[in-house]
Amino acid sequence: MKTWILENKGFLLGLVLLFVTRMSFADHYRVPSGSMEPTIQIGDHLFVNKLAYDLKLPLLDTPLLAMNAPTRGDVVVFAFPQDPSQTYVKRLVGLPGDVIQVRRGQVRINGQELPEVRSPLPSWDPRLDGDWIVPEGEYFMMGDHRDNSSDSRDWGFVKRAQLKGRAEFLLWNAQWSGVSLARFGDGL
């Protein structure tokens, strides 16, 4: 066994570096739901820049250095606040200190109307109406398909430490019918 390890040390080191790189700098995420339609489809795989916001300690996900502030409009991959073992993807709508108002599916941020990403569906649910003030160090996330999205309106704010990275572009779409590269490289 020792001889095999010595003979393949370059290959094994490459695997370790690949694993650490994937865990530290970049990753991909598969979208399981339609809450981000039409921007992101069910089965899309996204390229995630894990250095977009913070440099984190490999394997432990502990922030070491703040790199950039999250920006309104970013498509963010994060640990779900109510169950950090789950990963979610949503659009960052509210920054710390923002006042968010939702009325009949229309979103206002600090009094300014946010344009629709998708037309409201007839099934609009008035239970999601409300007002929120985003606390310091936290963010308000919403799905682009506002009427079919469980998001900050339901489960609250996302802390900066829970942000895993910014989704940069589409890699591929994988469904039972096969894999499609038709939208490869499309920005988000």
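Because the structure is a prediction, the values reported are computed rather than measured. Each chain carries its own residue numbering, running from 1 in the direction its sequence is written. Given that this is a predicted model, residues contribute local features only at a pLDDT of at least 70 and side-chain atom pairs are listed and counted only at 80 or more, while totals for whole chains, interfaces and linings are drawn from all residues. The side-chain figures draw on all heavy atoms in the structure; neither hydrogens nor water molecules are used.

Trainee: How do you make sense of the overall build of the protein chain when you look at a structure like this?
Mentor: Scanning the protein chain from N- to C-terminus turns up three helices and 14 strands. Exposure is judged per residue with a 1.4 Å probe applied to protein chains only, and the accessible area is read against the type maximum: over 50% gives exposed, under 20% gives buried, and values in between give partly exposed. For the protein chain, with 188 residues in total, the buried portion stands at 37%. Note on contacts: a residue pair qualifies if any of its non-hydrogen atoms lie within 4.5 Å across the two residues. Once local pairs closer than 6 in sequence are excluded, the contacts in the protein chain between residues at least 24 apart make up 56%. The method behind every accessible area is Shrake-Rupley, applied with a 1.4 Å probe, and residues are considered shielded solely by the protein chains displayed. As displayed, the protein chain has an accessible area near 10500 Å², and 60% of this comes from carbon and sulfur atoms. To qualify as a helix, a DSSP run of H or I must reach at least 4 residues; to qualify as a strand, a run of E must reach at least 2; elements of each kind are numbered from the N terminus.

Trainee: Which parts of the structure should I look at to understand the packing of aromatic side chains?
Mentor: Both the distance between ring centres and the angle between the ring planes are used here to describe each pair of aromatic rings. In this analysis, rings of Phe, Tyr and Trp, with Trp reduced to its six-membered ring, are considered paired at centre separations within 6.5 Å, and the interplanar angle assigns stacked below 30 degrees, edge-to-face beyond 60, and tilted for intermediate values. Evaluated as defined, the whole model comprises nine aromatic pairs. For the pair F80 and W155, a centre-to-centre distance of 5.3 Å together with 90 degrees between the ring planes defines the contact as edge-to-face. Pair noted here: F80 is in the loop between β5 (75–79) and β6 (87–94) and W155 is in helix α3 (residues 152–155), with a separation of 75 residues, a long-range link. Assessed through its relative accessible area of 7%, F80 is described here as buried. Taking relative accessible area as the criterion, W155 reaches 9% and is therefore assigned buried. Here a set of aromatic residues connected by ring pairs shows up, and it is made of F78, F80, Y88 and W155.

Trainee: Sorry if this is basic, but what is going on with the nonpolar core here?
Mentor: Among soluble globular proteins, nonpolar side chains are generally buried collectively. Throughout this description, the term nonpolar core refers to a set of buried Ala, Val, Leu, Ile, Met, Phe, Trp, Tyr and Cys residues connected via side-chain atoms within 4.5 Å. In terms of nonpolar packing, the biggest core is built from twelve residues, these being A52, Y53, V76, F78, F80, Y88, L92, Y139, M141, W155, V158 and L163. Among the secondary structure elements, those contributing two or more residues to this core are β5, β6 and β11 (138–142). The residues contacting L92, other than those within four sequence positions of it, are P70, T71, R72, G73, D74, V76, Y139, F140 and M141. Listed in part, the eleven residues of the second largest apolar core include M36, I40, V75 and V77.

Trainee: Would you mind showing me how to read a nonpolar patch on the surface here?
Mentor: To count toward a patch, a residue needs a relative accessible area over 30% and no salt bridge; like charges are then connected within 9 Å, while nonpolar side chains (Val, Leu, Ile, Met, Phe, Trp, Tyr) are connected within 5 Å. We count a salt bridge whenever a side-chain nitrogen from Lys or Arg sits within 4 Å of a carboxyl oxygen from Asp or Glu. A surface patch of nonpolar side chains, about 470 Å² in accessible area, is lined by L57, L60, L64, L65 and M67. Along the chain, the position of L64 falls in strand β4 (residues 62–66).

Trainee: Before we go on, may I ask you to explain the environment of F184 in this structure?
Mentor: Its place among the elements puts F184 in the segment after β14 (178–180). According to the relative accessible area criterion, F184 is exposed, its value standing at 51%. With 138 residues separating them along the chain, F184 and L46 place their C-alpha atoms 9.5 Å apart. Residue contacts for F184: discarding those within four places in its chain leaves L170 and L171.

Trainee: Help me out: how do you make sense of the sheet that holds strand β7 (residues 99–103) in this one?
Mentor: Think of a sheet as strands paired side by side through backbone hydrogen bonds, with each pair either parallel or antiparallel. The pairing criterion is simple: DSSP has to find at least two bridges between the two strands. Strands sit in the order β9-β8-β7-β10 across an open sheet of four strands; the sheet is antiparallel. This sheet does not close on itself; its edge strands, each paired only once, are β9 (112–114) and β10 (130–133). Adjacent strand axes in the sheet meet at a mean angle of 25 degrees, parallel and antiparallel pairs treated alike. Across four bridges, β7 lies against strand β8 (residues 106–109) in antiparallel orientation. In the sheet register, R103 faces β8, and the bridge partner there is Q106. The axes are straight lines fitted to the C-alpha atoms, using for helices just the contacting stretch, and the angles between their N-to-C directions are given from 0 to 180°.

Trainee: How should I be thinking about the pairing of strand β3 (residues 54–57) in this particular structure?
Mentor: Where a strand is regular, its side chains alternate between the two sheet faces. Every second residue of β3 is oriented toward a common face, the buried set being D54 and K56 and the non-buried set L55 and L57. Here β3 pairs with β4 via four bridges, running antiparallel. Each residue of the ladder has a partner; that of K56, found in β4, is P63.

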